[in-house]
Amino acid sequence: MDHNLFLYNTLSRTKEKFEPIHPNLVGMYVCGPTVYSDVHLGNCRTFVSFDLIFRYLRHLGYKVRYVRNITDAGHLEGDRDEGDDKFAKKAKLEQLEPMEIVQKYTIGFHDVLRLFNTLPPSIEPTATGHISEQIEMIEQIIENGYAYERDGTVYFDVEKYVETYDYTILTNRKLEDMLNNTRELSGQDEKKGRLDFALWIKAKPETIMRWPAPWSVGFPGWHIECSAMSRKYLGDQFDIHGGGMDLAATHHTNEIAQSEACNHTSPAKYWMHTNMLTVNGARMSKSAGNGFLPGELFTGNHPLLNRGYSPMAVRFFMLQAHYRSTLDFSNEALDAADKGYKRLMTAISLLDKLKVSKGADSFNLAEIHRKCYAAMDDDFNSPVLIAELFEIVRVINSIYDGKAKVTAEGLEGLKVFMKEFVEDILGLRNDQTSASDHIDDVMNLVIKLRNEAKANKDFVTSDRIRDELNSIGIQLKDSKEGTLWNKI
């Protein structure tokens, strides 16, 4: 592993050379979905981005333990321990048990990510499956003096914490500004300080999802689950913690505080965050009416979409933007990505049709490798990698057209290279294949009929076949060895 991999660390706000805590081993934790509704595209962008990171780290030879949780309890509507439980509210609305809601949307989440061709994480723990670990961690935080109990609810004491640690280290905000942006405590509020947050919440009589704990029958706060589960599966300190940038200000800030208060060490060495989605330049949100689900994007069943796009074309579209950059959805951008994706897949399909020559290759595969690895080593820069891949597409097309040469060894190298970078690292596959299993047989028949027309000097029919195929994106190329075809 002699690569100089650099990644952007939100903690230091700089690119840092990646040096895992344990040589050749990587522990990575990514905050997963709260499964009370359909997974949205912002989630998908995050998970596709970390799938790319997971794939590349494995490609470099690291043994990666990738943990991505499922939040299936304890998430209230407000980040400040306010509002109804999201699962209970949805269950009441759909007249289902809360765990039926969890099951329904967990299955849906997995189905969508399978369409996006993301690899499953090494471990996918649930909050409800780790109640005892969360209680144990809360007990340790109380024992260390950083939490207090009020009428069965346990709160984290931020004022006590900031005497020793930096609560705003992740976001670099001023504590005074945070206080000014937080409402004053009412006379009925149990918290000592405005920034305090719940580690354990006493259940109301009507609460369905509840567990016994030393302080009350209740349920864990949202933030404690990730601290407890990352600690269990990756240790007190691990290499990478990731998620969407919207989690940094509250959820990840509180995760760091909990872990330091419990273990006296920051949980992760590197913090990585994906950027937001916009639609035609405006932030994507349900309230703005410009939010759409993955299924709507695939089918085109949304007023803002002109048509549907395949899951692989959407994955390609996402990877064309760097994970830290804003990703803007528009029909024009999706159309361009769809064309680019198909060009890439067409070039790969041509590899088996290329004719080898003697002599030297018309390209430098070693230099191509160097540039592609340089792109990925620069904070997983997928857009630069894709730009380099299109240089290879140009080379493949030139060889196919007889304008460049490739040796048998060079062709094998090209095939291995494209598999490694397109399939293994970018996670792209030809999703047109299954629908076109018999296209070779069909095209051989069409070419045979065209050849018969030409042999009978029926050039009107032969030209019409060629032109009609061209109009639907299939190009015929006549040569001494016969007629070849490819998708445009």
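Fair warning: this is a prediction, and the values are worked out from it, not measured in the lab.

How each quantity is defined
Residues numbered from 1 in each chain as written. Predicted model: local features only at pLDDT ≥ 70, side-chain atom pairs only at ≥ 80, totals over all residues. Heavy atoms only, no water. Helix = DSSP H or I, 4+ residues; strand = E, 2+ residues; numbered from the N terminus. Buried < 20%, exposed > 50% of the residue type's maximum accessible area, 1.4 Å probe, protein only. Contact = heavy atoms within 4.5 Å. Core = buried A, V, L, I, M, F, W, Y, C linked by side-chain atoms within 4.5 Å. Domains from an automatic or database assignment. UniProt positions renumbered as here; feature names shortened; annotations may be inferred. Salt bridge = Lys/Arg side-chain N within 4 Å of Asp/Glu carboxyl O.

Participant: Can you break down the side chain of H251 residue by residue, with the values?
Facilitator: Topologically, H251 is positioned in helix α8 (residues 248-263). By relative accessible area, H251 is classed as buried at 2%. Ignoring anything within four residues of it in the chain, the contact list for H251 reads C31, W222, H223 and C226.

Participant: Would you mind going over the nonpolar core in detail, with residue names and values included?
Facilitator: Among the nonpolar cores identified, the biggest contains 90 residues, and F329 and F380 are the most heavily contacted of them. Both domains that furnish three or more residues to this core are identified here as domain 1 (6-274) and domain 2 (278-424). If near-sequence neighbours (up to four positions away) are discounted, F329 is found in contact with L41, L277, T278, V279, N280, M284, F292, L297, F317, M318 and L334. By size, the runner-up hydrophobic cluster in this structure holds 48 residues, among which are I141, Y165, M209 and A228.

Participant: Go over the UniProt feature "binding site: Zn(2+)" (unreviewed entry) in the protein, please, and point to the residues and values.
Facilitator: Residues given the UniProt feature "binding site: Zn(2+)" (unreviewed entry) here are C31, C226, H251 and E255. Maximum C-alpha separation among the annotated residues is 11.0 Å over a sequence range of 225 residues, consistent with a single clustered spot. One can find C31 in the loop between β3 (25-30) and α1 (41-59). Classification of C31 by relative accessible area gives buried; the value is 6%. Those residues within four positions of C31 in sequence are excluded, and the remaining contacts are F47, N69, C226, H241, G242, L247, H251, H252 and E255.

Participant: Mind laying out the pattern of salt bridges, listing which residues take part and the relevant values?
Facilitator: Scanning all chains against the criterion turns up 20 salt bridges. Here D111 ties to R114 by a salt bridge, and the two come within 2.8 Å at their closest N and O atoms. Of this pair, D111 and R114 both sit in helix α3 (residues 98-115), 3 residues apart, which is roughly one turn of that helix. When its relative accessible area of 52% is taken as the criterion, R114 is described as exposed. One salt bridge in this structure joins R307 and D338, with 3.0 Å as the shortest N-O distance. Placement of the pair is R307 in the loop between α9 (294-299) and α10 (311-319) and D338 in helix α11 (residues 331-350), with a sequence separation of 31 residues. According to the relative accessible area criterion, R307 is partly exposed, its value standing at 33%.

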